[in-house]
Amino acid sequence: MKNNSIKILCNLLLCSILFLSCSNDDDNTKPNTEKLNTPPAAFSLIAVADKTEDVELLPTFSWQAATDPDGDTVTYDLYLGAEENPKLYKENIKDTQFEATEELSETTQYYWKVIAKDGNNGTAESGIFSFTTDQAIDVASLSITEGFVGTNIWIKGNGFSEIKEENKVTFNGVEAIVKHASIKSITVIAPDATTGPVVVTVKGVTFETTPLFTYIGDAMSCEDFGKLTVTNFKITDTNELTYEMDMNNTGDGYIDLTNVSVQNYLSKDDQFGNNDDVAAGGSLVSFGIDAIIKPGETRQYKRTPSSNDQDNYDYLIVKIYSRVENCTEETVIIEKIK
């Protein structure tokens, strides 16, 4: 009886071991249902294009969308800096473009890249592009701050485009005609506008000048320019050879002037240097005046000649130039007074 009991216990123990062993085998054969993450696909940068020059100081960056094989939502980190390995500039961008929030430094080489993220530690990194920023616009001065419609105005500064069509200039919101342009100056014709700010825009970057440009009346006619006379032109000091001259506006309109050139001549017949027998004198005095002379107003100027040969000639020719479009110079012939 005792032996039977022992056999029964041994059988029960054996069955238990076999059952546990089968259970473990079943657990090991169950498939692994945990999902593996796939990172976003490769993508490329679009703009600012690699090695672009003269980029505006607030550029917009754009890139291709990075497709995620798992359908995860992709966001982007933008890296930007003057170092070849740029630092993080803006993270978690949902769109495929981003405009710089602060002006970049002018004439500086920058590097940029984008990293796409799927939110599950999957990433894809673009290549690195470089670009160079443009020079900032700086308007130093206007040749005049008051004038008429049709007046030529020189805007001096820095950062303009040498292609005149790329420079836009407005007078109180009215666009002016740009005649000439270089990096440091723009020549424009004052449009039919009213007193207000002058705004220069080059490649999307703007600069507003101060003070305002003031319109002082109707456009000056070239007929008014012809009513300017020169009197009291004389040598006031024979040692320093200083000339004194009065310019009188005898007309009814404003006269807008830009410069004066004085030359010596031996005779009235040779005023333009056309007489082969009598040589015309060279430029004696040349100076800018940037003046607007009101009706009935007289302006006086004193200048020292640049040469000492004026005593060899009996006459002076004074050529007066206006900045107003299409007005040719006025020539006044006077006899020397000592």
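Everything below is about the structure shown above.
> What's the story with the overall build of the chain in this structure? I'm lost.
Within the chain one finds two helices and 27 strands. A total of 338 residues make up the chain; the buried ones form 40% of that total. With an accessible surface of roughly 19,200 Å², the chain has 47% of that area assigned to carbon and sulfur atoms.

> Looking at this model, I keep getting lost on the pattern of salt bridges. Mind explaining?
Going through the model one piece at a time under the given rule, you end up with eight salt bridges. For Asp 50, the salt bridge is made with Lys 51, and the minimal N-O distance between the two is 3.3 Å. Given the relative accessible area of 33%, Asp 50 is considered partly exposed. Across the pair Arg 299 and Glu 297 runs a salt bridge whose closest N-O atoms are separated by 2.9 Å. Three or more residues are tied together by salt bridges with common partners; here these are Asp 256, Asp 290 and Arg 323.

> I tried to follow the packing of aromatic side chains on my own but got confused; where do I start?
Scanning the model with the defined rule gives eleven aromatic pairs in all. With a centroid separation of 5.7 Å and 15 degrees between ring planes, the pair formed by Tyr 110 and Phe 131 is classed as stacked. Remark: Phe 131 occurs in strand S9 (residues 129-133) and Tyr 110 occurs in strand S7 (residues 109-117); sequence separation between them is 21 residues. You'll find Tyr 110 and Phe 131 in the same group, each marked buried. What links up through ring pairs into an aromatic cluster is the set Phe 61, Tyr 110, Trp 112, Phe 129 and Phe 131. It is Lys 113 that lies over the ring of Tyr 79; its NZ or CZ is 5.1 Å from the centre.

> Just checking my understanding: could you explain the sheet that holds strand S10 (residues 138-142) for this structure?
Whenever strands of a sheet pair, they do so through backbone hydrogen bonds, lying parallel or antiparallel. Sheet architecture is open: four strands sit in the order S10-S12-S16-S15, paired in antiparallel fashion. Because the sheet does not close on itself, it has two edges, and the strands there are S10 and strand S15 (177-181). Sheet twist, expressed as the mean angle between neighbouring strand axes with direction ignored, is 30 degrees.

> Even after reading the chapter, I still don't get unusual backbone geometry, so can you show me in this structure?
Keep in mind that most residues, glycine aside, have a negative phi and that most peptide bonds are trans. Residue Val 48 is bonded to the preceding Ala 47 through a cis peptide linkage, with omega at 15 degrees. Assignment of secondary structure puts Val 48 in the loop between strand S1 (45-47) and strand S2 (52-55). Although it is not a glycine, Asn 92 sits at a positive phi angle of roughly 60 degrees. Overall, Asn 92 belongs to the partly exposed group, its relative accessible area being 43%.

> Honestly, the state of the cysteines in this entry has me stumped. Any pointers?
What is meant by a disulfide is a covalent connection between two cysteines, made through their sulfur atoms. Under the defined criterion, the tally for this structure stands at one disulfide. Disulfide pairing is shown between Cys 222 and Cys 327; the S-S distance is 2.0 Å. Residues Cys 222 and Cys 327 share a disulfide whose torsion about the S-S bond is about -105 degrees; that sign makes it left-handed. Of this pair, Cys 222 sits in helix H2 (residues 222-225) while Cys 327 sits in the loop between strand S26 (315-322) and strand S27 (330-335), and the two are 105 residues apart along the sequence. A relative accessible area of 35% places Cys 222 in the partly exposed class. The buried category is assigned to Cys 327, whose relative accessible area is 10%.

> Sorry, what's going on with the nonpolar core here?
Nonpolar side chains in soluble globular proteins tend to be buried together. Counting residues in each nonpolar core, the largest one holds 26 residues, and the members touching the most others are Met 245, Met 247, Leu 257, Val 260, Val 318 and Ile 320. Considering every element that reaches this core, the biggest residue donor is strand S22 (residues 255-265), with four residues. Ignoring any residue separated from it by four or fewer positions in sequence, one finds Ile 320 in contact with Phe 225, Leu 228, Val 230, Met 247, Leu 257, Asn 259, Val 260, Glu 329, Glu 330 and Val 332.

Thresholds applied
- Residues numbered from 1 in each chain as written.
- Predicted model: local features only at pLDDT ≥ 70, side-chain atom pairs only at ≥ 80, totals over all residues.
- Heavy atoms only, no water.
- Helix = DSSP H or I, 4+ residues; strand = E, 2+ residues; numbered from the N terminus.
- Buried < 20%, exposed > 50% of the residue type's maximum accessible area, 1.4 Å probe, protein only.
- Areas by Shrake-Rupley, 256 points an atom, 1.4 Å probe, with all protein chains shown as cover.
- Salt bridge = Lys/Arg side-chain N within 4 Å of Asp/Glu carboxyl O.
- Phe/Tyr/Trp six-rings, centres within 6.5 Å; stacked < 30°, edge-to-face > 60°.
- Lys NZ or Arg CZ within 6 Å of the ring centre and 35° of its normal.
- Pairing = 2+ DSSP bridges.
- Axes fitted to C-alpha atoms, helices over the stretch in contact; angles between N-to-C directions.
- Disulfide = S-S within 2.5 Å.
- Core = buried A, V, L, I, M, F, W, Y, C linked by side-chain atoms within 4.5 Å.
- Contact = heavy atoms within 4.5 Å.

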